[in-house]
Amino acid sequence: MVKRNFFSAFILGCLIIGYCSSTFASHDTAHILKGQFRQGASSLTYWLDSSVNSYGMQSHFQHAFTNWNNSSSKVNMSASTNASSDIKVYVGSNNLPVGYAGLTEMYYLNIFGTAVLISPNNVINGTLFDRVTIRIDDTQRIALGYTGWDKVVKLTGHEIGHALSMHHFENNPAHSNQNSWMYSGSQTNSAYPSSDDVSHLRYKWGN
Amino acid sequence: MKNNKRMYGLVIILSIVIVAYSVADLNRVKTIHLESGMMKTYENYEERMEGSDLVVTAQLIGKPENILTPFDGFPDGYHLSTIKIVNVIKGDPKLENTEIEIREPYYIMENGLEPGITEVYYGHYTKLQSDSTYVLFLGWVEAWNQYGISSAHQGKFNIDQMDKAEEDMQRKDKGTTNLKEDIFSKLPIEKLN
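Residues numbered from 1 in each chain as written. Chains lettered and ligands numbered in written order. Predicted model: local features only at pLDDT ≥ 70, side-chain atom pairs only at ≥ 80, totals over all residues.

Caption draft 1: Representation of the overall build of chain B. From N to C terminus, chain B includes 5 helices and 10 strands. Seen through its principal axes, chain B has C-alpha atoms that stretch 80 × 35 × 30 Å. Expressed as a percentage of its 193 residues, the buried residues of chain B come to 35%. (Helix = DSSP H or I, 4+ residues; strand = E, 2+ residues; numbered from the N terminus. Buried ≥ 20, exposed ≤ 12 C-beta atoms within 10 Å, placed from the backbone.)

Caption draft 2: Up close: the overall build of chain A. Looking only at helices and strands, chain A has 7 helices and 6 strands in total. Going from N to C terminus, chain A has its helices and strands arranged as α-β-α-α-β-β-β-β-α-β-α-α-α. Taken across its 207 residues, chain A has 43% of its residues classed as buried. Here the analysis covers contacts within chain A between residues at least 6 apart in sequence; of these, 73% occur between residues at least 24 apart. (Contact = placed C-beta atoms within 7 Å.)

Caption draft 3: Quick look at the sheet that holds strand 7 (residues 117-122) of chain B. All names here are of chain B. Strand order in this open sheet of 3 strands is 1-7-6, and the pairing throughout is mixed. Across the chains shown, the open sheet's two edge strands, defined by having one partner strand only, are strand 1 (29-34) and strand 6 (106-110). On average, adjacent strands in this sheet sit at an angle of 20° to one another, irrespective of strand direction. By the bridge criterion, 5 bridges tie strand 6 to strand 7 in an arrangement that is antiparallel. Bridging across to strand 7, tyrosine 107 finds its partner in valine 120. (Pairing = 2+ DSSP bridges. Axes fitted to C-alpha atoms, helices over the stretch in contact; angles between N-to-C directions.)

Caption draft 4: Up close: the confidence of the model for chain B. Overall, the predicted model of chain B reaches an average pLDDT of 91, with 96% of residues at or above 70. Here the complex is predicted with pTM 0.87, and the ipTM for its interfaces comes to 0.88. (pLDDT = per-residue confidence, 0-100.)

Caption draft 5: Focus on the interface of chain B and chain A. Taken together, the contact between chain B and chain A spans 30 residues of the former and 25 residues of the latter. Among the secondary structure elements, those contributing two or more residues to the side of chain B that touches chain A are strand 1, strand 2 (37-39), strand 7, strand 8 (133-141) and strand 9 (146-149) of chain B. For the side of chain B that touches chain A, the residue count by class is 16 nonpolar, 11 polar and 3 charged. Here 3 bridges tie strand 4 (residues 100-109) of chain A to strand 2 of chain B, and the two strands are oriented antiparallel to one another. Bridging across to strand 2 of chain B, Gly102(A) finds its partner in Met38(B). (Nonpolar A, V, L, I, M, F, W, Y, C, P; charged D, E, K, R; others polar.)

Caption draft 6: Region of the structure containing the nonpolar core. Within the largest apolar cluster, 79 residues are counted, with the highest numbers of intra-cluster contacts made by Trp68(A), Ile87(A), Val89(A), Leu164(A) and Leu136(B). No other element matches the 6 residues that strand 8 of chain B contributes to this core. For Leu164(A), the contacting residues outside a window of four places in its chain are Ala41(A), Trp68(A), Val75(A) and Leu201(A). (Core = buried A, V, L, I, M, F, W, Y, C linked by C-beta atoms within 7 Å.)

In structure tokens form, the structure reads like this:
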């Protein structure tokens, strides 16, 4: 009886330690940036440049914003017509270097109100930011295989994820699920954030 | 008399500030690597060749030109660089021993009222160095009517180990290091000389 209880407790202990280890390893700074929007994520605004509609990506971005919002009660990004919004989205053609379908950049506002570009390394280590721009290169999006609703949504969801302080899931220790929005480089059909995407978002911002 | 002393003191302090700012402005270089994006990455030589329009060994010629292309008040740009093609590994062999202009994915901007400049690189890219030879994987962009380095740090590999900046950056990126090893193990030796 004593032996059985000890054995059960031992197994339970191993399972708990294993769970804690994997949780710790998967939510480290390789995948979540310490830096974030200075004001938090509960009342962010986003602005879609007219180019987003011209290139037919309005619904994709709206879908991605909505699904990130639905993943945590502490995250809320709402559409704004104000060009001074926290997140600004642009789509162009051959506006990024060869090989880039999308890019997210973070800025702080200096004392003159000018947006100053921040190094992602600084954001990894905790630097706060005030503005984010998201740019999509439509020509390269197509050339790199981000075509069809699901794959375009993955691209838009990925870039918005960076604005919410998510980093690449293929960074060591890598996650295996390439369908995750934050797993870059894979053109998988991912119309919704994965369980890894959601768990990382909640780890960062709360449930 | 007292006012004159105060005036001289103020002038001296102001002069020190101006000199200090000028020195800082000349010497301060901030570096930013833009890593938050969706960049096509390659696992091996075959994929890297497949994803390129032109693959060459080449050297940088002259001084690259910094071209700024801001969008909606936000900074952006590239460098226009002239390379001399030594060997063509994929593409038109007639390009050997010719010079072409390519786009490198980095730009340099002034810091406004803050002293110094900022060098902004896409990904883990490091700029081409003179007197070094490289394998370059290039993509053709019709709209630019020119080639650009394809996938930043995965489109440029130093052959002669003279580019220490590239070596340091690649040491931090296991995927690119593995890719480089695979490329160099499979490229025809005669093309690397």
